[in-house]
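What the coordinates show
Listed below, chain by chain, are the residues.
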Amino acid sequence: MTSPTATLLICCPDRKGLVAKFANFIYANEGNIIHADQHTDFGAGLFLTRIEWQLHSFNLPRQLIAPAFNPIAQSLDATWQLHFSDNVPRVAIWVSQQDHCLFDLIWRQRAKEFAADIALIISNHPNLQPIAEQFGIDFHHITITKDHKTEQEAKQLELLRQYKIDLVILAKYMQIVSADFISQFPQIINIHHSFLPAFVGANPYHQAFERGVKIIGATAHYATADLDAGPIIEQDVVRISHRDEIHDLIRKGKDLERVVLARAVRLHLQNRVLVYGNKTVVFG
């Protein structure tokens, strides 16, 4: 995109005239809207919208957009976010011993499928350090044990601060992140190897095999204090048959995990995901 853009993500109680009010804020300041989408959750009585506009002719400098919009938002009891397309987020990828999602994210980032700086890889095992070295990404091995989890998570938090990380991606990080950690750093996307809410927790492919299901899936979601229960960003499924063994489910599932996680990361980085409650609206 040649011209930088600004994006507003807004959630507020539903009422008449909201589209006109938000659009008029941009129009009154000579902005050119290039994308607008909205959704009304009638059950919750909420209006949710994403508005993106070009900045090159906008009257307000960037640092004044938020202060100018805030009185409008307050009058509507709205929660909102403001993002700029040329701000490149800094990402940390957390892994354990499986490398398929890590490789996929690095390749996609290098191919410019999404705009992000992969600044850091953290792992509770040393196995994948050669991959980090291959791509020139800083790697930190932090062993996680039950007796020292709080101390080790403090080290992880300090690394996120040190590297100025905006988003953590759990790319097959086979550890539970504590509620205390998430409260301090909530911007975490996890990939779970099942079609949630089915087969939460460990060994979902084994659970699926024992249950004799005909479809397996993968789910990318925001991490919360509740295990595998955070707001869902992206999901997909693949069919299996009675001829498939557990290793077939794992092989097919890995393909899904790569794609679903990449989609979720791209949507998040493009500021297309709006969380409300334990749900998401994903704007196209």
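Residues numbered from 1 in each chain as written. Predicted model: local features only at pLDDT ≥ 70, side-chain atom pairs only at ≥ 80, totals over all residues. Heavy atoms only, no water.

- As annotated in an unreviewed UniProt entry, the protein chain is Formyltetrahydrofolate deformylase from Umezakia ovalisporum FSS-43.
- For the record of the protein chain, the UniProt heading Catalytic activity (unreviewed entry) holds the text "(6R)-10-formyltetrahydrofolate + H2O = (6S)-5,6,7,8-tetrahydrofolate + formate + H(+)". (UniProt positions renumbered as here; feature names shortened; annotations may be inferred.)

1. Section: the pairing of strand S10 (residues 215-222)
- By the criterion of burial, S10 is predominantly enclosed, with seven of the eight residues buried.
- Summarising the sheet, S10 and strand S11 (residues 232-239) pair through seven bridges and their orientation is antiparallel. Looking at S11, one finds that Gly217 is bridged to Val237. (Buried < 20%, exposed > 50% of the residue type's maximum accessible area, 1.4 Å probe, protein only. Helix = DSSP H or I, 4+ residues; strand = E, 2+ residues; numbered from the N terminus. Pairing = 2+ DSSP bridges.)

2. Comments concerning empty space enclosed by the protein
- In the structure shown here, the tally under the stated rule is one cavity of 30 Å³ or more.
- Around the largest cavity, the lining residues are Val91, Ile93, Leu105, Phe114, Ala116, Ile118, Ile169, Val265 and Leu269.
- When contributions to the lining of the largest cavity are tallied by element, the ones reaching two or more residues are strand S5 (90-95) and helix H8 (246-269).
- For the lining of the largest cavity, the class distribution of residues is nine nonpolar, no polar and no charged. (1 Å grid on protein atoms, 1.4 Å probe; cavity = no way out; pocket = protein on both sides within 12 Å on 5 of 7 lines; lining within 4 Å. Points joined across faces, edges and corners; volume = space filled by probe spheres on them. Nonpolar A, V, L, I, M, F, W, Y, C, P; charged D, E, K, R; others polar.)

3. Some thoughts on a nonpolar patch on the surface
- A cluster of nonpolar side chains, namely Phe195, Ile215 and Val237, defines an oily patch on the protein surface of about 230 Å² accessible area.
- Considering the arrangement of structural elements, one finds Phe195 in the loop between strand S9 (188-192) and helix H7 (204-211).
- Judged by its relative accessible area of 38%, Phe195 falls in the partly exposed class. (Patch = residues over 30% accessible without salt bridge, like charges linked within 9 Å, V, L, I, M, F, W, Y side chains within 5 Å. Areas by Shrake-Rupley, 256 points an atom, 1.4 Å probe, with all protein chains shown as cover. Salt bridge = Lys/Arg side-chain N within 4 Å of Asp/Glu carboxyl O.)

4. Digging into the layout of surface pockets
- Estimated volume of the largest pocket: approximately 960 Å³.
- Contributing to the lining of the largest pocket are 41 residues, with His83, His268, Leu269, Gln270 and Asn271 lying nearest its centre.
- The set of elements that each furnish at least two residues to the lining of the largest pocket consists of strand S1 (5-13), strand S3 (46-54), strand S4 (79-84), H8 and strand S12 (273-276).
- Counting residues per element, the lining of the largest pocket draws most heavily on S4, at six residues.
- Grouping the amino acids of the lining of the largest pocket by side-chain chemistry returns 21 nonpolar, 13 polar and seven charged.
- Its volume calculated, the second largest pocket comes out at about 570 Å³.
- Within the residue set of the lining of the second largest pocket, elements represented by two or more residues are helix H6 (179-184), S9, H7 and H8.
- Here the lining of the second largest pocket is built from residues that sort into 15 nonpolar, eleven polar and five charged.

5. Section: helix H3 (residues 100-110)
- Of all eleven residues in H3, nine are buried, a share of seventy percent or more.
- Within H3, the full set of buried residues consists of His100, Cys101, Leu102, Phe103, Asp104, Leu105, Ile106, Arg108 and Gln109.
- Packed against the buried residues of H3 are S5, strand S6 (117-123), helix H4 (129-134), strand S8 (167-170), S9 and H8.
- Just downstream of H3 lies Lys112, where phi reads positive at about 65°. (Contact = heavy atoms within 4.5 Å.)

6. Digging into the pairing of S6
- Taken across its seven residues, S6 has six buried, putting it largely inside the fold.
- Examined bridge by bridge, S5 and S6 share six bridges and lie parallel to one another. Bridged to Val91 within S6 is Ile118.
- Handedness of the S5-H3-S6 crossover: right-handed.
- Two elements, S6 and strand S7 (residues 138-141), share four bridges in a ladder whose sense is parallel. Within S7, the residue paired with Ile121 across the bridge is Phe139.
- For the handedness criterion, the β-α-β arrangement of S6, H4 and S7 is classed as right-handed. (Right-handed = clockwise from strand over helix to strand, strands pointing away.)

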